[in-house]
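# Breakdown of the fold
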Amino acid sequence: AQGARALLACAAAYATAGLAHETRQMAEDAIARARDAGDTKAEAYALWAIADVAATRGGGVASAEVGSRLDARAAAERAAALLAGGSADDALRAAARRLRHGAGELVGARVVELDELASGPDLAAASRLDWWGARAARAADDVGDAPAEDSGQGGAARSATHGGRSDRVLAALASLAGARAPIASRGPALAAAHALAVQTGQTDVAHRVLAALAEAARELCRRNADAGSAGASSTSPGLSGAVRSLPWVARARALPESGLGPEQARDLEALVGALGERERLTPLLDRVVDALVLWTGVERGLLLMRAPNGRLVPRAARNLARSRLGAEQLALSQTLARRALEAREPVVAVDAAGELPSVHRSVHALKLRSVLAVPLIARGEALGVVYLDDRVRRGAFGAQELRWARTIASVAALAIADARAQVQLRRAVRRAERASSRLAEELACREAELDAAAIELARARGGRDTRYRYDAIIGESEPVHAMLRLVDRVTASEVPVLVCGESGSGKELVARAIHHNGPRAAHPFVSENCGAIPEGLLESALFGHVRGAFTGADRPRAGLFEVADRGTLFLDEIGEMSLAMQTKLLRVLEDGLVRPLGSERTRKVDVRVVAATHRDLETLVRARAFREDLFYRLNIITIRVPPLRERATDVPLIVQHLVSKHGRGPVRVTRGAMERISAYGWPGNVRQLENEIRRAIVLCDGTIDREHLSPEVAQGGGAAPRELGLNVRGRIDALETELVRDALERTRGNQTQAAKLLGLSRFGLQKMIKRLAIEA
């Protein structure tokens, strides 16, 4: 019996090292001696050793009886039969071999039952690791199977039976990562957990398990070296090489025993990158806690930040619910955090129950084994503390973990300080923006009040309801008022203006009003008709030329842009400009640089451009006769000058103004002549009306009557009928004017009798005559 147990120990050692031939040889000898002695448990354990070194899918072979060769599945089945009715640990380990090697496929209900058994704390860590390791191996195989197998019902049932929920399997193995157990159970189980975590994308679990796997690999290599120095390696010269060539050992030994691994370096780089990214504070705090919990391998972490009143407030947690922190957890974390802040050094306890007597009650209530509190110090200011603890491992915070915690704390403190400063800066900017918005609103209200006061003052003085005086623009009709209100808004700005209107409607008067009432009034107003000058001369007129630039250029000449520097340049009939000139004009409007003809030097000018046209520029753009980019550059604000036929009520006012302007003495316009003038359509607008008045003044002897008007005006022939469109106010004014004149004619100018005919009072009639500018 003792010989069987000794051979079993050798078989187990060879199985741990992965030496299949030596394992089978020792196990077969152990099985033979165990049968002679009647030791069924030793026989079953020897069969486990054979199953452990055989291929998981039956590719390897082993012996269940001396001289009879069986595969791993049969060995697992035979071992389970021998251990039937034994302890729960043996039953769980037997089921693990059966599951790993596909022996007697376990049904779903049995798997769930064994999961509950393995979740209990009463079983040995070795048996729990064997079971959860087998579960992880089968789950990894199911995840890696071909899609055709997984897509069918059979694949789904198989996944539910053997694979189960990988997150539960990984959670169980992660909690056992630091448990004390034989390496033969710990190594393969952690290797299976790492493979499953990588396949399912759970990198945090993969990092933690890989760190524990590296520790197990180093321990196995160290024990093998100690055995070799004691002379034990002489029994098997290839044992050291076999141990180092084990897949899980080779993978784990690649991790450095100290310093930063590649994954740790990436996490550290991400935190450093947060300094440049200036990301929000909450995600940054979560990343700090995640990095510390992940690479120290502990269970839980909590980050506490100092509030302005000095109180420590939980801001980020890992595996701890901040909203459900118990009194003991809060008391312990707060106490250790304040101790770390006062000392400005980490507070670490290898065995919390024995090393922290002042908080023994909290440590005992929370069942803690290891505790660490790391202060976050940046630029001499204590920002907070990171608190970590573990309920399983004693001495979880070694030199390597403490170095990592210090490194992360130093970098994180700077990142947190910078992010907090950015948050405070953004808050200050928002406060400034709100204050600026309130100030702008208040200024707008004050400006509106000033505008209203100016309008009321103008009304009190009998003027228009506009901010500025427009003495050169005659008219009291609604279209004129609407145009002048827009001119009011445009005048104080510096943007280009496009004035549209028919020929002779007064576009240049609008441009001059914008200039003389605006901030450039003290500087030149320069006007040019683009349609009246040939293209070659227009370029020289606008941009100037140097001596010898072309034939006849015997002296240099400044262009209109230079002449109008700091003033206004009015470009009339811009729609007549050629495409080549439009390109050159656009360049000047965009950068303000003017280059005279024949010169290589440019000059910077500051000119406000007001353009005018009687043509439809949008139609010209569609016809490719006008540049679209120049159109949008000029068409920031468009002012439409209404034609004279749309403001017929203004005709008597304009006539009176023209008579005063051109008459050499007192000139009177008869009622009949005024009726004919008001009824005419005036296709040439104000310019045509002015020429008509000048002609009549020359022909009359102080009184303009119908015979002094041109035939088309006097007789209405060849003239377009007056069009008021849908302008209600204009039509009403015209109708009232006609009725008042008719009444005055019938009563031979007797206003009292005319008022009776119209159903008005004499005072009401006089107000109407004044408003409609009717000559009494």
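What counts and what doesn't
Residues numbered from 1 in each chain as written. Predicted model: local features only at pLDDT ≥ 70, side-chain atom pairs only at ≥ 80, totals over all residues. Heavy atoms only, no water. Core = buried A, V, L, I, M, F, W, Y, C linked by side-chain atoms within 4.5 Å. Buried < 20%, exposed > 50% of the residue type's maximum accessible area, 1.4 Å probe, protein only. Helix = DSSP H or I, 4+ residues; strand = E, 2+ residues; numbered from the N terminus. Patch = residues over 30% accessible without salt bridge, like charges linked within 9 Å, V, L, I, M, F, W, Y side chains within 5 Å. Areas by Shrake-Rupley, 256 points an atom, 1.4 Å probe, with all protein chains shown as cover. Salt bridge = Lys/Arg side-chain N within 4 Å of Asp/Glu carboxyl O. Lys, Arg positive; Asp, Glu negative; His and termini not counted. Charge placed at Lys NZ, Arg CZ, Asp CG, Glu CD. Pairing = 2+ DSSP bridges. Axes fitted to C-alpha atoms, helices over the stretch in contact; angles between N-to-C directions. pLDDT = per-residue confidence, 0-100. Contact = heavy atoms within 4.5 Å. Parallel < 35°, antiparallel > 145°, perpendicular 65-115°, else oblique. Left-handed = near helix turned anticlockwise from the far one by under 90°. Nonpolar A, V, L, I, M, F, W, Y, C, P; charged D, E, K, R; others polar.

### Some thoughts on the nonpolar core
By size, the foremost hydrophobic cluster in this structure holds 55 residues, and its most contacted members are Trp131, Trp132, Leu173 and Trp248. Broken down by element, the residue count for this core peaks at 11 residues, all from helix α12 (residues 203-229).

### A closer look at a positive patch on the surface
On the surface, a cluster of positive charge is made up of Arg426, Arg427, Arg430, Arg431, Arg434 and Arg438. In this fold, Arg427 is placed in helix α20 (residues 399-460).

### So, the sheet that holds strand β8 (residues 497-500)
In spatial order, the strands read β9-β12-β15-β8-β16; together these five strands make up an open sheet with parallel pairing. Of all the strands in the sheet, just β9 (525-529) and β16 (637-640) have a single pairing partner and so form its edges. The mean inter-strand angle of the sheet, taken between neighbouring strand axes irrespective of direction, is 20°.

### Digging into the confidence of the model for the protein
The predicted model of the protein has a mean per-residue pLDDT of 79, with 81% of residues at 70 or higher. At the low end of the mean pLDDT range in the protein sits strand β1 (residues 61-65), at 36; at the high end sits β8, at 93. Within the model, pLDDT remains below 50 along residues 148-164, and this stretch shows 30 contacts once partners closer than five positions in the same chain are excluded. In this model residues 717-723 is a low-confidence stretch, pLDDT under 50, and it forms 16 contacts with partners more than four residues away in sequence or in other chains.

### Remarks on the sheet that holds strand β3 (residues 300-306)
Within the open sheet, the five strands sit side by side as β4-β3-β7-β6-β5. Their pairing is antiparallel. If you trace the sheet from one side to the other, it starts and ends with β4 (312-318) and β5 (347-349), each paired once. Shown here is a sheet whose adjacent strand axes are inclined to one another by a mean of 20°, direction ignored.

### Quick look at the pattern of salt bridges
The full count for this structure, using the stated rule, is 33 salt bridges. For the salt bridge of Arg135 with Asp115, the shortest nitrogen-to-oxygen distance reads 3.0 Å. Taken together, the residues Arg135 in helix α7 (residues 125-144) and Asp115 in helix α6 (residues 108-119) connect sequence positions 20 residues apart. The shortest N-O distance in the salt bridge between Glu116 and Arg168 comes to 3.0 Å. Note that Glu116 is positioned in helix α6 and Arg168 in helix α10 (residues 166-175), a separation of 52 residues in sequence. Overall, Arg168 belongs to the partly exposed group, its relative accessible area being 33%. Residues joined by salt bridges that share partners form a network here, namely Asp52, Arg93, Arg97 and Asp130.

### Considering the packing of helix α1 (residues 2-17) against helix α2 (residues 20-37)
Contact geometry of α1 with α2 gives a least axis separation of 8 Å together with a crossing angle of 160°. On the basis of the axis angle, α1 is roughly antiparallel to α2. The interaxial crossing formed by α1 with α2 has left-handed handedness. Contact residues: α1 offers Gly3, Ala4, Leu7, Leu8, Cys10, Ala11, Tyr14 and Ala15, while α2 offers Glu22, Thr23, Met26, Ala27, Asp29, Ala30, Arg33 and Ala34. Within the contact of α1 with α2, the residues separate by chemical class into 11 nonpolar, two polar and three charged.

### A closer look at the pairing of strand β7 (residues 381-390)
Within β7, nine of the 10 residues are buried, which leaves it mostly tucked inside the rest of the structure. By the bridge criterion, six bridges tie β3 to β7 in an arrangement that is antiparallel. Across the sheet, Leu304 pairs through a bridge with Val385, a residue of β7. In the sheet, strand β6 (residues 370-378) pairs with β7 via nine bridges, with the strands oriented antiparallel. Considered in β7, the bridge of Leu376 is made with Gly384.

### Thoughts on unusual backbone geometry
Backbone geometry places Arg344, a non-glycine residue, at a positive phi of 55°. Topologically, Arg344 is positioned in the loop between α17 (327-343) and β5. Backbone geometry at Arg379 places phi at a positive 55°, although glycine is not the residue there. By the element assignment, Arg379 lies in the loop between β6 and β7.

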